[in-house]
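# Summary of structural features
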Amino acid sequence: LQGLYRCLNALKDQAVPCKNHLENEESLPQSVANIWHTTLGNVESQIKETEKLIEKIINFDEKLKKDFENLQTIPGIGKTTVLAILAEVEDGNKFANARQCAAFVGVVPYEKTSGTSVHSKPKITKGGNFVLRKALYFPAIVVLRHNKTFKEIAQSFADRGKMRMQILTAVARRLLHIIFGVLKSGKKFDEGLMKRHIHSTTKRLDA
């Protein structure tokens, strides 16, 4: 699943320049436009084939299929993000807790120190799983716009002087905690449980 998901992303990346070239198709020689159309058609055909293979894998495994459905009950989490989660995190069993999972993704702040007395402000590590971190940022933007609980959390960080990217990362981290909980429990998303969890961890999870 991971190999196919990453292949799917690579194919979608290949389709972008083809589409860009064809935006001004009328200014291109017909022979050049034909080449770009053929290339785009081949890539899109491979994208569809890869998506079918991914769907077969998910439907073949009952646990995977259930996780796929349960994760989509989380606000802001769509099929594309769920695929990223299942491909990169799997069922969460390789992590002892949600914080380990967040560290794996790279949405945990770290504090740089020099010796024993020089400290800088906590920053977000640039390490971790970039594929999954990238996949979480769009859902973070969605819940910030549409979910009251996340809006309140974001405002509290903004009031403390946090920058936009720090807030997005904090929201992505909380989403990942919820995702981890759904995977470990094998149950659908619970709105009430989410609110209690977020408010109880806000003080401990510094943005």
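Before reading further, recall that the structure is shown in the block above.
Residues numbered from 1 in each chain as written. Predicted model: local features only at pLDDT ≥ 70, side-chain atom pairs only at ≥ 80, totals over all residues. Heavy atoms only, no water.

### Remarks on the layout of surface pockets
Estimated volume of the largest pocket: approximately 340 Å³. In terms of lining residues, the largest pocket is bounded by 13 residues, among which Tyr5, Asn9, Thr80, Lys134 and Ala135 are the most central. Of all the secondary-structure elements, those providing two or more residues to the lining of the largest pocket are helix H1 (2-22), helix H4 (79-88) and helix H6 (130-146). The element that contributes the greatest number of residues to the lining of the largest pocket is H6, accounting for six residues. Here the residues of the lining of the largest pocket are counted per class, giving seven nonpolar, three polar and three charged. Counted as a void, the second largest pocket has a volume near 290 Å³. Forming the walls of the second largest pocket are 15 residues, and the residues nearest its centre are Ile54, Glu55, Phe68, Lys79 and Leu83. Contributions of two or more residues to the lining of the second largest pocket are made by H1, helix H2 (30-60), helix H3 (62-71) and H4. With five residues, the top contributor of residues to the lining of the second largest pocket is H2. (1 Å grid on protein atoms, 1.4 Å probe; cavity = no way out; pocket = protein on both sides within 12 Å on 5 of 7 lines; lining within 4 Å. Points joined across faces, edges and corners; volume = space filled by probe spheres on them. Helix = DSSP H or I, 4+ residues; strand = E, 2+ residues; numbered from the N terminus. Nonpolar A, V, L, I, M, F, W, Y, C, P; charged D, E, K, R; others polar.)

### Remarks on the pattern of salt bridges
Following the criterion strictly, the structure yields two salt bridges and no others. Measuring nitrogen to oxygen at the nearest pair gives 2.7 Å for the salt bridge that ties Arg6 to Glu88. Here Arg6, found in helix H1, pairs with Glu88, found in helix H4; they are 82 residues apart in sequence, far enough to count as distant. The class of Glu88 is buried, set by a relative accessible area of 0%. With a closest N to O distance of 2.6 Å, Asp67 and Lys63 form a salt bridge. Pair noted here: Asp67 and Lys63 are both in helix H3, with a separation of four residues, about one helical turn. (Salt bridge = Lys/Arg side-chain N within 4 Å of Asp/Glu carboxyl O. Buried < 20%, exposed > 50% of the residue type's maximum accessible area, 1.4 Å probe, protein only.)

### Overview of the nonpolar core
When a protein is soluble and globular, its nonpolar side chains tend to lie buried together. Ranked by size, the top nonpolar core spans 54 residues in total, and within it Leu71, Ile74, Ile85, Leu132, Leu176 and Ile179 carry the most contacts. When residues of this core are traced back to their parent elements, those giving at least two are H1, H2, H3, H4, helix H5 (98-105), H6, helix H7 (148-159) and helix H8 (164-185). Those residues in contact with Ile179, other than ones at most four positions away along the chain, are Leu71, Ile74, Ile77, Ile85 and Leu136. (Core = buried A, V, L, I, M, F, W, Y, C linked by side-chain atoms within 4.5 Å. Contact = heavy atoms within 4.5 Å.)

### Let's talk about H8
Here H8 spans 32 Å end to end across 22 residues, near enough to the 32 Å set by a 1.5 Å rise per residue. Most of H8 is tucked away, with 16 of its 22 residues classed as buried. Within two residues after H8, Gly186 carries a phi angle of roughly 75°, on the positive side. (Expected span 1.5 Å × (residues − 1).)

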